[in-house]
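# Notes for the structure review
Below, each chain spelled out in residue letters.
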Amino acid sequence: MSPVAGDLSCLDTNVILSGILGYARPSSTPGEMLRRWRRDDFTLIVTDLLLQERQNTLARPYFVDHLTTDQRAQALAVVRRHGVPVEITRRVQGVAPDPDDDHILEAGWNAGQTTS
């Protein structure tokens, strides 16, 4: 599904997962991002690569130590169920300062957003 209309955001995996940990804390900026998303202040766009990255990261020892198996599964399920999938048809390479972040820009660009 591309492009998508409305206020869109593609959140980095670190923001999503920090938001999950900080969701209940009013002082957590990533938590506030997720609270705003859940209030429908913006549409969260996702790609297969981002979903896989989040699943892999949730399996790391830090998250295993801080979240139960059910919490990790539920967190991923919410993002899968309520995030709007974007198909990657145009590639981005060498744009982000960290090449590992090009896929974030790629998702936004394919959803109809600019990379500037």
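A few points on the structure. (Residues numbered from 1 in each chain as written. Predicted model: local features only at pLDDT ≥ 70, side-chain atom pairs only at ≥ 80, totals over all residues. Heavy atoms only, no water.)

Quick look at the pattern of salt bridges now. In the structure shown here, the tally under the stated rule is five salt bridges. Ionic pairing is found between Glu32 and Arg39, a salt bridge with its closest N-O pair at 3.7 Å. For Glu32, a relative accessible area of 22% gives the class partly exposed. Arg39 sits in the partly exposed class, given a relative accessible area of 48%. For Asp41, the salt bridge identified is with Arg39, shortest N-O distance 3.0 Å. The network of salt bridges with shared partners includes Glu32, Arg35, Arg36, Arg39 and Asp41. (Salt bridge = Lys/Arg side-chain N within 4 Å of Asp/Glu carboxyl O. Buried < 20%, exposed > 50% of the residue type's maximum accessible area, 1.4 Å probe, protein only.)

Below, the discussion takes up the nonpolar core. Residues Leu11, Ile16, Trp37, Leu44, Leu58 and Val79 are the most contacted members of the largest nonpolar core, which totals 15 residues. Secondary structure elements with two or more residues in this core: α1 (13–22), α2 (29–38), β2 (43–46), α3 (48–58) and α5 (69–82). Top contributing element to this core by residue count: α5, with three residues. Excluding residues within four positions of it along the chain, Val79 makes contact with Ile16, Trp37, Leu44, Val46, Leu51 and Arg54. Core analysis: the next-biggest nonpolar cluster, separate from the first, contains eight residues, Cys10, Ile45, Val86 and Ala107 among them. (Core = buried A, V, L, I, M, F, W, Y, C linked by side-chain atoms within 4.5 Å. Helix = DSSP H or I, 4+ residues; strand = E, 2+ residues; numbered from the N terminus. Contact = heavy atoms within 4.5 Å.)

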